[in-house]
Amino acid sequence: DKLGFAIVGLGKFATEQIMPNFKACKHARLAALVSGSPDKAQKLAAQYELPETSVYSYDNFDSIKDNPDVDIVYIILPNSMHAEFTIRAAQAGKHVLCEKPMATSVEDCEKMIAACQQADRKLMIAYRAHFEPFNLDAMARIRKGELGKIKAITSDHGRPVKPTEDQADAWRVVKKLAGGGSLMDIGIYALNAARYLSGEEPVEITAQEFSDKSDPRFAEVEDNIHFTLRFPSGVLASCTSSYSYSEVKRGRVFGDKAWLDLDPLSDYKKHTMKIGDDEGNQEPEIEEGNQFAAELDHMAECVLHNKTPKTPGEEGLKDVRYIMAIYEAAKTGKAVKV
Ligand code: NAD
């Protein structure tokens, strides 16, 4: 049995990565579209063979409560809009899958969790790396002790943001919509990876930021931000995030017996893993898999079997809290206890 998903926001990620992958799902299917542009929505509805009655605008979205074909609402809007649509979806009686970052403030995250709790609906944040086979394999090896005692983690996420060339980047440099710059958008992958690779929560954060203010892209949001996380066991994570690097999305875990590289760590496809020590290194064979279908199926299975998602609202809230601490540390130049 497949549960019906309504997609809110028909932008680049929704149309290029998510919608095409429903065909690979066992428990999830596309059931409705919610968009601010009726033409785009009608065209996509025709392409995916959805009835016209399953197309909603942002204004009449709340009437989705009367559509029994929709079980789950998947929010793929600019970051600052996640809270409003999560709350409206829960109030319409639907379960919610919401893109990262969960929201642009701790307060919004808390309101989203409360709204879903009150409506007795599931809330999951779409951290696709938690469903990606190379990352899952890395976590398993680390927990089994294959690298020995973990000492340090590094992760770098950057790409040149192009707001004048790419529509999907236009809102990313507007603070009101994005909440912040590279850290909110892609540094969050490094932050989240440091947490799931170490298996711990940080206790102390330091950070430094530099953005060229003569570059109009960085008038409102940050470009480069480096941060360190200290974990209770003593693991130190050192992360960089940028909107001006040539594209990079990698991570390395340093154990006292061996190191493990994921490069890329958080791509849409073609992940690679290397494990090495003083005797050399090897690339273990891991099947690529479909992280998007696995994520959609997990959300559907949590609803079907009344289970808590692996990456619930509380997980999204943690990262938003740490992001705020990173900004504070960068601003004050002082270590922030978390
Ligand atoms: P996008 O700009 O392509 O899509 C956003 C959609 O929201 C567009 O269809 C746009 O028309 C609509 N929209 C509604 N109100 C808007 C407003 N006021 N301003 C701008 N757009 C508005 O962006 P995207 O890259 O698809 O990102 C959307 C969300 O998905 C973001 O939260 C982003 O962080 C997340 N995302 C996640 C991943 C991932 O791998 N998990 C990848 C890319 C994006």
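Since this is a predicted model, take the numbers as computed values, not measurements.

Draft legend 1. Representation of the side chain of Glu-222 within the structure. Here Glu-222 is to be found in the loop between β8 (204-210) and β9 (224-230). Although buried, Glu-222 forms no salt bridge, and the nearest oppositely charged side chain, Lys-175, lies 7.4 Å from it. One polar contact links Glu-222 to Tyr-327, side chain to side chain, over a distance of 2.8 Å. In contact with Glu-222, not counting residues within four places along its chain, are Gly-180, Gly-181, Ser-182, Leu-183, Met-184, Glu-209, Ser-211, Tyr-243 and Tyr-327.

Draft legend 2. How the structure looks around the packing of aromatic side chains. Under the criterion given, the structure shown has 6 aromatic pairs. An angle of 65° between the planes, with centres 5.9 Å apart, marks the rings of Phe-13 and Phe-292 as edge-to-face. With Phe-13 in helix α1 (residues 12-18) and Phe-292 in helix α9 (residues 291-304), this pair connects stretches of sequence that are 279 residues apart. For the pair shown, Phe-13 and Phe-292 are each scored as buried. In this structure an aromatic cluster arises from ring pairing among Phe-13, Tyr-268 and Phe-292.

Draft legend 3. Layout of helix α3 (residues 82-91). Taken across its 10 residues, α3 has 8 buried, putting it largely inside the fold. The elements touched by buried residues of α3 are β1 (3-8), β4 (72-75), β5 (95-98), α4 (106-118) and β6 (123-125). Following α3 by one or two positions, Gly-93 adopts a phi angle in the positive range, close to 85°.

Draft legend 4. Main features of the site of the ligand. As a matter of local geometry, the ligand sits amid 23 residues, with Lys-12, Asn-79, Lys-100, Arg-128 and Trp-171 nearest to it. Take Lys-100: an N or O atom from its main chain is 2.9 Å from an oxygen atom of the ligand. For the ligand, whose accessible area on its own is 820 Å², the fraction buried by protein is 82%. Those elements giving two or more residues to the shell around the ligand turn out to be α1 and α8 (182-198). Its residues assigned to classes, the shell around the ligand shows 13 nonpolar, 3 polar and 7 charged. Residue-level mapping places the shell around the ligand at the junction of two domains, with at least three residues from each of domain 1 (3-128 + 292-307) and domain 2 (133-288 + 320-337).

Draft legend 5. Molecular detail of the packing of α8 against helix α10 (residues 313-332). The geometry of α8 relative to α10 is characterised by a closest axis approach of 10 Å and an angle of 110° between their N-to-C directions. Viewed along their axes, α8 and α10 adopt a mutual orientation that is roughly perpendicular. Relative to α10, α8 is oriented so that their crossing is right-handed. Contacts from Leu-183, Met-184, Ile-188, Leu-191, Asn-192 and Arg-195 in α8 reach Glu-315, Lys-318, Asp-319, Tyr-322, Ile-323, Met-324, Ile-326 and Tyr-327 in α10. Within the contact of α8 with α10, the residues separate by chemical class into 9 nonpolar, 1 polar and 4 charged.

Draft legend 6. Spatial organisation of the sheet that holds strand β10 (residues 236-242). Read across the sheet, 9 strands follow the order β14-β13-β12-β11-β7-β10-β9-β8-β15 without closing on themselves; strand pairing throughout is mixed. Strands at the two margins of the open sheet, each flanked by one partner only, are β14 (280-282) and β15 (336-337). Where β9 meets β10, 6 bridges bridge the pair, whose relative direction is antiparallel. Within the sheet, the bridge partner assigned to Ile-225 lies in β10 and is Ser-241.

What counts, and where the lines are drawn
Residues numbered from 1 in each chain as written. Predicted model: local features only at pLDDT ≥ 70, side-chain atom pairs only at ≥ 80, totals over all residues. Heavy atoms only, no water. Helix = DSSP H or I, 4+ residues; strand = E, 2+ residues; numbered from the N terminus. Buried < 20%, exposed > 50% of the residue type's maximum accessible area, 1.4 Å probe, protein only. Lys, Arg positive; Asp, Glu negative; His and termini not counted. Salt bridge = Lys/Arg side-chain N within 4 Å of Asp/Glu carboxyl O. Polar contact = N/O pair within 3.5 Å; in protein donor to acceptor, adjacent residues only side chain to side chain. Contact = heavy atoms within 4.5 Å. Phe/Tyr/Trp six-rings, centres within 6.5 Å; stacked < 30°, edge-to-face > 60°. Near = heavy atom within 4 Å. Areas by Shrake-Rupley, 256 points an atom, 1.4 Å probe, with all protein chains shown as cover. Nonpolar A, V, L, I, M, F, W, Y, C, P; charged D, E, K, R; others polar. Domains from an automatic or database assignment. Axes fitted to C-alpha atoms, helices over the stretch in contact; angles between N-to-C directions. Parallel < 35°, antiparallel > 145°, perpendicular 65-115°, else oblique. Left-handed = near helix turned anticlockwise from the far one by under 90°. Pairing = 2+ DSSP bridges.

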